[in-house]
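# Coordinates in review
So you can see what is in the structure, the chains are spelled out below.
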Amino acid sequence: DTGVSQNPRHKITKRGQNVTFRCDPISEHNRLYWYRQTLGQGPEFLTYFQNEAQLEKSRLLSDRFSAERPKGSFSTLEIQRTEQGDSAMYLCASSLKRDARAEGQYFGPGTRLTVL
Amino acid sequence: SQKIEQNSEALNIQEGKTATLTCNYTNYSPAYLQWYRQDPGRGPVFLLLIRENEKEKRKERLKVTFDTTLKQSLFHITASQPADSATYLCALDMIRYGTASKLTFGTGTRLQVTL
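For every chain, the first residue of the written sequence is number 1, and numbering continues from 1 along that sequence. The order in which chains are written sets their letters, starting at A; the order in which ligands are written sets their numbers, starting at 1. At least 70 in pLDDT is required for a residue's local features to be given in this predicted model, at least 80 for side-chain atom pairs to be given and counted, and no such filter applies to totals for whole chains, interfaces and linings, which use all residues. Heavy atoms from the whole structure form the basis of all side-chain values; hydrogens and water molecules are not counted.

## Quick notes on the state of the cysteines
- Counting rule for disulfides: a pair of cysteine sulfur atoms within 2.5 Å. Within this structure, the stated rule accounts for two disulfides over all chains.
- The disulfide bridge from C23 of chain A ends at C92 of chain A, spanning 1.8 Å between sulfur atoms. Because the torsion about its S-S bond is -65°, the bridge between C23 of chain A and C92 of chain A counts as left-handed. A residue pair is termed long-range when its members are at least 10 positions apart, and C23 of chain A in strand β3 (residues 19-24) and C92 of chain A in strand β9 (residues 88-95) qualify at 69 residues.
- Here C92 of chain A falls in the buried class, since its relative accessible area comes to 0%.
- The side chain of C23 of chain B participates in a disulfide bridge whose partner is C90 of chain B; the two sulfur atoms lie 2.0 Å from each other. Looking down the S-S bond of the C23 of chain B and C90 of chain B bridge, the torsion is 55°, so its handedness is right-handed. With C23 of chain B in strand β3 (residues 19-26) and C90 of chain B in strand β9 (residues 86-93), the pair connects residues that are 67 residues apart, well separated along the chain. Secondary structure counts use DSSP, requiring at least four H or I residues in a row for a helix and at least two E residues in a row for a strand, with both numbered from the N terminus. In this scheme, a residue with accessible area under 20% of its type's maximum is buried, one over 50% is exposed, and one in between is partly exposed, where area comes from a 1.4 Å probe on protein chains only.

## What about the sheet that holds strand β7 (residues 62-67) of chain B?
All names here are of chain B.
- Should DSSP find at least two bridges between two strands, the strands are taken to pair. Across the sheet, five strands lie side by side as β1-β3-β8-β7-β6; this open sheet has antiparallel pairing. In the strand order of this sheet, the two ends are held by β1 (3-6) and β6 (56-59), each with one partner. Along the sheet, successive strands turn relative to each other by an average axial angle of 15°, direction set aside.
- Bridging between β7 and strand β8 (residues 72-77) involves six bridges; their strand directions are antiparallel. For T65, the partnering residue across the bridge sits in β8 and is L74. In this description, a line fitted to the C-alpha atoms serves as the axis of each element, helices being fitted only across the stretch in contact, and the angle between N-to-C directions of two axes falls anywhere from 0 to 180 degrees.

## So, the packing of aromatic side chains
- Pairs were defined over the aromatic rings of Phe, Tyr and Trp, the Trp ring being its six-membered one, requiring ring centres within 6.5 Å. Orientation was assigned from the angle between planes: stacked under 30 degrees, edge-to-face over 60, tilted for the rest. Summed over all chains, the structure comprises 14 aromatic pairs over all chains.
- Ring centres of Y35 of chain A and F105 of chain B lie 5.8 Å apart, and the angle between their planes is 85°; on these two criteria the pair is classed as edge-to-face. Taken as a pair, Y35 of chain A in strand β4 (residues 31-37) and F105 of chain B in strand β10 (residues 103-105) lie in two separate chains rather than in one. There is no split in this pair, since Y35 of chain A and F105 of chain B are both buried.
- Ring centres 6.4 Å apart and planes at 65° place the aromatic pair Y106 of chain A and F46 of chain B in the edge-to-face group.

## A word on the interface of chain A and chain B
- On the side of chain B, 22 residues touch chain A, which itself brings 25 residues to the contact.
- Defined here as a combined quantity, buried area equals the accessible surface (1.4 Å probe) lost by two parts on assembly, summed across both. In total, chain A and chain B occlude about 1700 Å² of area from one another, counting both sides; carbon and sulfur atoms represent 53% of this.
- Put simply, a salt bridge is a Lys or Arg side-chain nitrogen that is within 4 Å of an Asp or Glu carboxyl oxygen. Our enumeration of links across chain A and chain B arrives at one salt bridge.
- Between K102 of chain B and E56 of chain A there is a salt bridge, with its nearest N and O atoms 2.8 Å apart.
- Whenever a nitrogen or oxygen atom comes within 3.5 Å of another N or O atom, the pair is scored as a polar contact, on the condition that within protein one atom can donate a hydrogen and the other can accept it, and that pairs from neighbouring residues in sequence are kept only if both atoms are in side chains. Joining chain A to chain B, the criterion identifies five residue pairs in polar contact (both at pLDDT 80 or more).
- For the side of chain A that touches chain B, the secondary-structure elements that each account for two or more residues are β4, β5 (44-50), β9 and β10 (106-107) of chain A.
- For the side of chain A that touches chain B, the element with the highest residue contribution is β4 of chain A, accounting for four residues.
- Each residue receives one of three labels: charged for Asp, Glu, Lys and Arg, nonpolar for Ala, Val, Leu, Ile, Met, Phe, Trp, Tyr, Cys and Pro, and polar for the others, Gly being one of them. Split by residue class, the side of chain A that touches chain B holds 12 nonpolar, seven polar and six charged. For this analysis, residues touch if any pair of their heavy atoms sits within 4.5 Å.

## Things to note about the environment of R69 of chain A
Residue and element names in this part refer to chain A.
- Mapped onto the elements of the fold, R69 is located in the loop between β7 (65-68) and β8 (75-79).
- The spatial distance from the C-alpha of R69 to the C-alpha of R22 is 9.8 Å, given a sequence separation of 47 residues.
- When neighbours within four sequence positions are excluded, R69 is seen to be in contact with P25, H29, N30, R31, L32, F49, Q50, N51, E52, F74 and S75.
- One polar contact links the side chain of R69 to the main-chain carbonyl oxygen of N51, over a distance of 3.1 Å.

## Observations concerning the pattern of salt bridges
Residues and elements named next belong to chain A.
- Across all of its chains, the model carries 10 salt bridges over all chains by this definition.
- Here E83 makes a salt bridge to R64, at a shortest N to O gap of 3.4 Å. Here the residue E83 occupies a position in the loop between β8 and β9, and R64 occupies one in the loop between β6 (53-57) and β7, the gap between them amounting to 19 residues.
- Look at E83 and you get partly exposed, because its relative accessible area is 40%.
- Residue R64 is joined to D86 by a salt bridge in which the shortest nitrogen-to-oxygen separation is 2.9 Å. You can see R64 sitting in the loop between β6 and β7 and its partner D86 sitting in the loop between β8 and β9, a full 22 residues away along the chain.
- By sharing partners, the salt bridges in this structure join R64, E83 and D86 into a single network.

Below you can see the structure in the form of structure tokens.
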């Protein structure tokens with residue numbers, strides 16, 4: 001399967017614990033995005049990387065959230081001291097940026113986080 | 001305030017008919033508009049992208065229009081099939097020159113195609 005993969009698919013944790021999610025993008029894609037989606041809403045942008053550089057972060061991304069993309073390949077999203085409000089589907093997407101044209105994004109299946 | 005509005009109520013249509021979904025936005029000036037399909041429990045799937053200077057785009061049974069004066073996009077599925085049943089999301093891309101393609105999504109419209 002050459003699509004975007006995310007692990008784990010589901011995570012249940014207790015409030016105050018730290019969690020880490022992984023995203024493996026489509027191999028030749030140089031851009032990687034993280035979004036969060038709650039029930040009945042569209043995805044909300046969190047952050048984005050071009051290669052290994054994190055170029056933009058949403059105000060939604062508090063200092064408890066950190067994302068990395070070492071070597072410009074896979075990415076991790078860590079949430080420290082989880083809160084019940086962090087319960088959501090965390091989606092990763094990737095795209096290939098070759099020139100000034102916009103392009104569609106290819107999403108993974110998501111990681112569903114439940115904070116008890 | 002900035003808003004992207006899609007019909008929150010489900011759209012029910014009969015197989016073979018054309019489904020038309022609406023995306024309206026206020027206080028945005030998108031350079032591009034994209035449409036995605038999302039099935040329950042899965043990530044969105046990219047369908048079509050249209051630029052601000054394009055009026056219409058087609059792909060197989062899909063057609064998208066983009067009216068920057070009305071601030072509206074219409075998404076049409078012709079000869080609809082039960083397999084088209086899903087939630088359809090519109091997304092705005094505000095970046096015109098090069099760098100990010102950060103998307104701002106609407107809440108989606110659920111389409112149900114019945115036999």
